[in-house]
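What follows is the residue order along each chain.
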Amino acid sequence: MQTHNLGYPRIGSRRELKKACEKYWSGQISRQELFNQGYAIKADNWRLQQRAGIDWVPSNDFSYYDQVLDHCLMVGAIPDRYHAILVEKKKHELDLYFAMARGYQRDGLDVKAMEMTKWFDTNYHYIVPEFHKNQQFELFSEKVIHEFEEAKVQGILTKPVLLAPVSFLLLGKEKVAGFDRIDLLDNLLPVYLKVLEKLVGYGAEWVQFDEPFLALSLSDKEQTAMRRTYSVIKKAFPHLKTMVATYFGGLDAHLGLAAELPVCALHLDLVRAPHQLGSLLELVRPKMSLSLGLVDGRNVWRNDLQASLDLIRLAVNKLGSDRVWVAPSCSLLHVPCDLELESGLDAEIKGWLAFAKQKIEEVVLLQRIGNHTRQDRVDLKDTPWLGQTLEQNRQYLTSRNTSTRIHNEAVKTALASVLPSHSQRSSPYAERHKLQTEALALPLFPTTTIGSFPQTKEVRQWRARYKKGELSLAAYENLLKAETERCVRWQDDLGLDVLVHGEFERNDMVEYFGEQLEGFAFTTNGWVQSYGSRCVKPPIIYGDVSRKHPMTVDWTVFAQSLTRRPMKGMLTGPITILQWSFVRNDQPRKDTCFQIALAIREEVRDLEQAGIRVIQIDEPALREGLPLKTSEWPDYLDWAVTAFRLSASVVGDHTQIHTHMCYSEFNDIISHIAAMDADVITIECSRSQMELLDAFAAFEYPNEIGPGVYDIHAPRIPSSEEMIELMEKAIRVVPKERLWVNPDCGLKTRGWEETQRALEEMVKAADGLRAKFARKADM
Ligand SMILES: CN1c2c(nc(N)[nH]c2=O)NC[C@@H]1CNc1ccc(C(=O)N[C@@H](CCC(=O)N[C@@H](CCC(=O)N[C@@H](CCC(=O)O)C(=O)O)C(=O)O)C(=O)O)cc1
Ligand SMILES: N[C@@H](CCS)C(=O)O
Ligand SMILES: [Zn+2]
């Protein structure tokens with residue numbers, strides 16, 4: 001039996017890559033210094049995996065920003081607008097790369113970033129490749145080859161990872177409609193063959209082709225494209241060992257297709273879909289190996305070794321041990337690096353967990369125990385330590401199942417007492433609208449922001465010093481209060497209509513709530529890459545969830561005391577808290593979501609009682625929580641929408657509930673978004689130039705909408721004219737009385753100067769719109 005890994009976290013166990021990239025972008029370090037840091041992380045990761053005993057360590061899983069963007073550069077899928085950077089300005093490939101990721105506003109150029117979207121159902125975001133009709137490709141970046149060589153110099157023969165051609169095409173979008181990007185396969189394949197030729201030339205034995213779309217629904221044409229890809233590769237390189245890696249779900253309808261592909265090995269996600277192993281064992285071609293993805297790459301729970309061994313035994317009995325590989329279920333990109341760095345975690349909870357480094361050890365352990373597995377039992381007579389390890393694993397699992405910290409009878413009783421009426425506002429939107437208009441007295445095109453204002457270095461340092469004990473709680477809170485006050489006064493002076501307190505007290509919109517809720521644990525160093533250099537520390541939901549005390553009321557009430565304008569209470573919704581945490585796997589996600597919804601409902605109630613008239617419950621992760629298989633959508637959408645409504649519906653008709661969503665395609669779930677029945681939805685729109693609104697218009701979305709008028713993910717300052725133009729597009733499809741003016745998302749990643757200038761433009765845009773459209777209405 002062999003072991004391998006599909007990908008290792010690349011941010012560095014102390015976020016070294018994040019820090020180096022940000023320093024490079026701000027001109028504090030040179031390109032060479034950034035490369036040195038990148039090299040050090042790669043080398044550490046390769047050595048760590050090799051020393052642990054992994055037979056095939058991956059390469060090309062490292063990336064300075066995003067692996068999909070790496071592939072765009074590899075095949076020369078570089079949109080025309082970036083050519084000036086390379087050709088006229090003669091910038092280095094790395095600067096072109098970062099320009100595609102982040103935009104480029106220097107040297108007299110103003111080029112926007114490429115689009116970014118969610119990587120399947122994870123909280124990782126990738127750069128969306130742009131394709132056009134008859135596009136030609138070329139081998140442009142040889143990063144994959146360089147990385148293979150770098151590892152080889154260290155004496156490690158790696159398994160390079162490539163995003164396979166069909167999945168690469170499917171991840172992209174047709175920039176101008178009128179063709180099918182799958183038709184570009186024949187132009188693309190020769191570049192992949194060139195890459196393989198070089199890799200083979202340098203001595204590569206195995207290559208991993210990531211084909212995540214095999215676990216989704218593929219059209220006949222896409223299936224044909226996949227067959228064609230691997231037969232072309234087989235023909236060109238009959239001796240190269242190829243592995244197709246599938247993950248995030250079962251192959252289901254594509255079992256037959258996958259089993260027949262002319263490749264040497266097929267990787268299966270047996271955490272998400274253990275049932276598929278039996279069928280695959282019947283179908284698999286002679287000589288094809290199966291890689292068993294047994295160790296969860298998407299969650300942090302310690303592996304159930306006995307359950308994994310049962311699957312190993314099934315496979316070994318059918319195929320023989322030389323055709324069985326053991327691996328994590330998917331790349332470990334989605335889990336933190338090393339549990340050992342968590343000195344503050346409760347010892348009992350720590351015993352239930354495994355991060356990337358520990359997962360690698362689990363893979364090797366499974367191989368060792370598996371090698372002692374006879375037909376129907378584990379024979380450990382000669383190796384008592386393996387027996388002890390299995391026994392210890394069993395004890396950890398039992399401790400988790402039976403721990404009193406997991407079960408809270410009060411939470412279970414509260415959940416059992418929920419009635420359908422608890423998820424229902426008292427009156428329909430039309431009636432609420434009248435009451436809210438009277439209560440809030442807002443102008444046409446009301447302006448607002450999404451919640452967070454710049455989390456400056458100073459703010460983060462206050463928090464870091466407070467956590468280290470260098471600042472007292474009182475001193476820390478006073479600093480935050482002063483920052484909140486500055487922010488509120490600035491918004492008031494600018495003339496925004498509905499204000500926010502700025503979220504300065506929050507490290508992250510999910511972690512902040514996780515730190516305060518019962519049933520959650522949080523880490524000090526459990527960073528996971530979210531996009532580019534940005535990371536999150538997802539909290540860990542280990543038990544029944546409840547609210548210990550009000551979480552946001554004091555900050556909101558303080559901010560409201562500073563202004564006569566309405567102050568929005570700012571909460572993260574139950575689906576997003578669920579989706580961006582590591583969730584317990586001993587009960588359905590739905591049950592955990594409802595427990596969170598009840599906790600948020602209590603907070604909503606308290607905010608209203610404290611006099612807050614507008615409450616926003618953010619749900620940016622609603623779409624990302626959708627199961628990858630469309631057949632499972634109705635069930636998810638039903639409970640997710642109900643959970644949101646449960647959290648929101650405790651308020652009276654006069655209280656205005658907002659929700660906010662970003663970073664997703666919403667067209668296909670628009671009716672469910674409407675069913676959430678928020679009075680106002682603020683939504684990301686500007687990167688897609690308001691295309692999104694077509695869906696809202698087609699469905700006749702009944703409530704109010706704030707389509708984001710500018711992209712907050714880039715430092716670029718938009719003009720009021722641009723924003724007016726976008727709003728005019730919106731006015732064509734949504735009645736103007738139902739439109740709000742706001743940015744795409746929160747401003748926490750921006751600096752103050754650009755934020756102020758952008759919001760000044762935004763208020764100017766709203767004034768312009770009012771002047772233009774109020775007059776029209778008067779006539
Ligand atoms: C809206 N988004 C979010 C997602 N998921 C979340 N869980 N949260 C989100 O907001 N998914 C979709 C999108 C993704 N977008 C983002 C946007 C921004 C970030 C981000 O800014 N991440 C920060 C880390 C934020 C944080 O937790 N900060 C902590 C710790 C700060 C820190 O690094 N401290 C330093 C010391 C201070 C210093 O010297 O600067 C240290 O510890 O070394 C805090 O504020 O206390 C990031 O920097 O990556 C993520 C996802
Ligand atoms: N209220 C949050 C939402 C981000 S999606 C913020 O403004 O950062
Ligand atoms: Zn957002």
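Residues numbered from 1 in each chain as written. Chains lettered and ligands numbered in written order. Predicted model: local features only at pLDDT ≥ 70, side-chain atom pairs only at ≥ 80, totals over all residues.

Structural notes on the overall build of the protein chain
(1) Moving on: A tally of regular secondary structure across the protein chain gives 28 helices and 23 strands.
(2) Moving on: In terms of overall size, the protein chain behaves like a compact globule, its C-alpha atoms giving a radius of gyration of 27 Å where 779 residues would be expected to give roughly 28 Å.
(3) Moving on: With the C-alpha coordinates aligned to their principal axes, the bounding extent of the protein chain is approximately 80 × 65 × 50 Å.
(4) Moving on: Classification of the 779 residues of the protein chain by burial places 49% in the buried group. (Helix = DSSP H or I, 4+ residues; strand = E, 2+ residues; numbered from the N terminus. Rg over C-alpha atoms; globule rule 2.2 N^0.38 Å. Buried ≥ 20, exposed ≤ 12 C-beta atoms within 10 Å, placed from the backbone.)

Regarding the sheet that holds strand E19 (residues 568-572)
(1) Moving on: In space, the 5 strands of this open sheet follow the order E19-E20-E21-E22-E23, with parallel pairing throughout. This sheet does not close on itself; its edge strands, each paired only once, are E19 and strand E23 (704-707). Strand-to-strand twist in this sheet, taken as the mean axis angle between neighbours without regard to direction, amounts to 20 degrees.
(2) Moving on: Pairing between strand E22 (residues 680-683) and E23: 4 bridges, direction parallel. Bridging from a neighbouring strand, Ile-683 pairs with Pro-707 of E23.
(3) Moving on: Across the sheet, helix H23 (residues 589-609) lies against E19 and strand E20 (614-618), angled at about 175 degrees from E19, the strand it touches most. (Pairing = 2+ DSSP bridges. Axes fitted to C-alpha atoms, helices over the stretch in contact; angles between N-to-C directions. Contact = placed C-beta atoms within 7 Å.)

What about the domain arrangement of the protein chain?
(1) Moving on: You can read the domains of the protein chain as domain 1 (80-113), domain 2 (128-334 + 351-402) and domain 3 (432-778).
(2) Moving on: Computed over C-alpha atoms, the centres of domain 1 and domain 3 are 32 Å apart.
(3) Moving on: By residue class, the composition of the side of domain 1 that touches domain 3 is 2 nonpolar, 2 polar and 2 charged. (Domains from an automatic or database assignment. Nonpolar A, V, L, I, M, F, W, Y, C, P; charged D, E, K, R; others polar.)

What about the site of ligand 2?
(1) Moving on: Taken together, Ile-450, Gly-451, Ser-452, Met-509, Met-570, Asp-618, Pro-620, His-660, Cys-662, Cys-745, Gly-746 and Lys-748 form the complete shell of residues around ligand 2.
(2) Moving on: Considered class by class, the residues forming the shell around ligand 2 number 6 nonpolar, 4 polar and 2 charged. (Near = placed C-beta within 6 Å.)

Description of the site of ligand 1
(1) Moving on: In the vicinity of ligand 1, 21 residues are found, and the nearest of them are Ala-464, Asn-507, Ser-530, Arg-534 and Val-536.
(2) Moving on: For the shell around ligand 1, the elements supplying multiple residues, two or more each, are helix H18 (457-467), strand E16 (528-531) and strand E17 (534-536).
(3) Moving on: With 5 residues, H18 is the largest single contributor of residues to the shell around ligand 1.
(4) Moving on: For the shell around ligand 1, the per-class residue count stands at 8 nonpolar, 6 polar and 7 charged.

Side note on the sheet that holds strand E2 (residues 58-59)
(1) Moving on: Strand order in the open sheet made by the 8 strands is E1-E12-E11-E10-E9-E8-E6-E2, with parallel pairing throughout. Two strands bound the open sheet, and with one partner strand each, they are strand E1 (2-3) and E2.
(2) Moving on: Pairing analysis gives 5 bridges linking strand E8 (residues 206-210) to strand E9 (residues 241-245), with the strands arranged parallel. Its bridge partner being in E9, Trp-206 is matched across the sheet by Lys-241.

Comments concerning the UniProt feature "binding site: Zn(2+) 2" (unreviewed entry) in the protein chain
(1) Moving on: In the UniProt entry, the feature "binding site: Zn(2+) 2" (unreviewed entry) is given for Cys-662.
(2) Moving on: Relative to the helices and strands, Cys-662 is located in the loop between strand E21 (656-661) and helix H25 (670-675).
(3) Moving on: Sequence-distant contacts of Cys-662, defined by excluding residues within four places in its chain, comprise Pro-620, Glu-684, Asp-744 and Cys-745. (UniProt positions renumbered as here; feature names shortened; annotations may be inferred.)

Observations regarding the packing of helix H2 (residues 31-52) against helix H14 (residues 356-371)
(1) Moving on: Put simply, H2 and H14 touch, their axes get as near as 9 Å, and they point 30 degrees apart. One way to sum up the angle between H2 and H14 is to call them roughly parallel. Note that H2 runs across H14; the crossing there is right-handed. In contact with Leu-48, Gln-49 and Ala-52 of H2, H14 contributes Lys-357, Ile-360, Glu-361 and Val-364.
(2) Moving on: Residues belonging to the contact of H2 with H14 are distributed by class as follows: 4 nonpolar, 1 polar and 2 charged. (Parallel < 35°, antiparallel > 145°, perpendicular 65-115°, else oblique. Left-handed = near helix turned anticlockwise from the far one by under 90°.)

A few points about the pairing of E20
(1) Moving on: Burial analysis of E20 places 5 of its 5 residues in the buried class, which makes it a mostly covered element.
(2) Moving on: By the bridge criterion, 5 bridges tie E19 to E20 in an arrangement that is parallel. Counted as the bridge partner of Met-570 is Gln-616 from E20.
(3) Moving on: Examined bridge by bridge, E20 and E21 share 5 bridges and lie parallel to one another. Paired with Ile-617 across the two strands is Thr-659, which belongs to E21.
(4) Moving on: You can see the chain leave E20, run along helix H24 (residues 633-648) and come back into E21, and the turn it takes is right-handed. (Right-handed = clockwise from strand over helix to strand, strands pointing away.)

Regarding unusual backbone geometry
(1) Moving on: Despite not being glycine, Phe-120 has its phi angle at roughly 50 degrees, a positive value.
(2) Moving on: Take Phe-120: it is sitting in the loop between strand E3 (116-118) and strand E4 (125-127).
(3) Moving on: Since 18 C-beta atoms lie within 10 Å of it, Phe-120 is described here as partly exposed.
(4) Moving on: Even without being a glycine, Glu-503 presents a positive backbone phi close to 60 degrees.
(5) Moving on: Turning to its location among the elements, Glu-503 is positioned in the loop between helix H19 (473-494) and helix H20 (511-516).
(6) Moving on: Judged by the 24 C-beta atoms lying within 10 Å of it, Glu-503 falls in the buried class.

Some details on the confidence of the model for the protein chain
(1) Moving on: In the predicted model, the protein chain carries a mean pLDDT of 95, and 98% of its residues have values of at least 70.
(2) Moving on: For this predicted complex, the interface score ipTM comes out at 0.97, while the overall pTM is 0.94. (pLDDT = per-residue confidence, 0-100.)

Details of the nonpolar core
(1) Moving on: With 215 residues, the main nonpolar core has Leu-292 and Met-727 as its most contacted residues.
(2) Moving on: Take this core: its biggest share by element is 9 residues, from H23.
(3) Moving on: Sequence-distant contacts of Met-727, that is, excluding residues within four places in its chain, are made with Val-709, Leu-739, Val-741, Ala-765 and Leu-769. (Core = buried A, V, L, I, M, F, W, Y, C linked by C-beta atoms within 7 Å.)

Brief notes about helix H8 (residues 185-201)
(1) Moving on: Its 17 residues give H8 an end-to-end C-alpha distance of 24 Å, which sits within 8% of 24 Å, the value for a rise of 1.5 Å per residue.
(2) Moving on: When we look at burial in H8, the residues that qualify are Leu-185, Leu-188, Tyr-192, Val-195, Leu-196 and Leu-199. In a view along the axis of H8, the buried residues occupy a sector of 100 degrees, so they form one face of it. The exposed set on the far side of H8, more than 90 degrees from its buried face, consists of Asp-186 and Gly-201.
(3) Moving on: Looking at the residues trailing H8, positive phi occurs at Gly-203, about 105 degrees. (Expected span 1.5 Å × (residues − 1). Arc of directions from axis to C-beta.)

Some details on the packing of H19 against helix H21 (residues 553-560)
(1) Moving on: In contact at an axis separation of 10 Å, H19 and H21 are set at 45 degrees when each is read in the N-to-C sense. One element, H19, and the other, H21, form an angle in the oblique class. For the crossing formed where H19 meets H21, the hand is right-handed. Contacts from Lys-481, Thr-484 and Val-488 of H19 reach H21 at Trp-555, Phe-558 and Ala-559.
(2) Moving on: Among the residues forming the contact of H19 with H21, the class breakdown is 4 nonpolar, 1 polar and 1 charged.

Considerations on the environment of Leu-415
(1) Moving on: With respect to the secondary-structure elements, Leu-415 resides in helix H16 (residues 409-416).
(2) Moving on: Here the alpha-carbon distance between Leu-415 and Ala-597, two residues 182 residues apart in the chain, equals 9.8 Å.
(3) Moving on: The residues contacting Leu-415, other than those within four sequence positions of it, are Phe-594, Gln-595 and Leu-598.

Considerations on the environment of Val-176
(1) Moving on: Turning to its location among the elements, Val-176 is positioned in the loop between strand E7 (173-174) and H8.
(2) Moving on: For the pair Val-176 and Glu-130, spaced 46 residues apart in sequence, the C-alpha separation works out to 9.3 Å.

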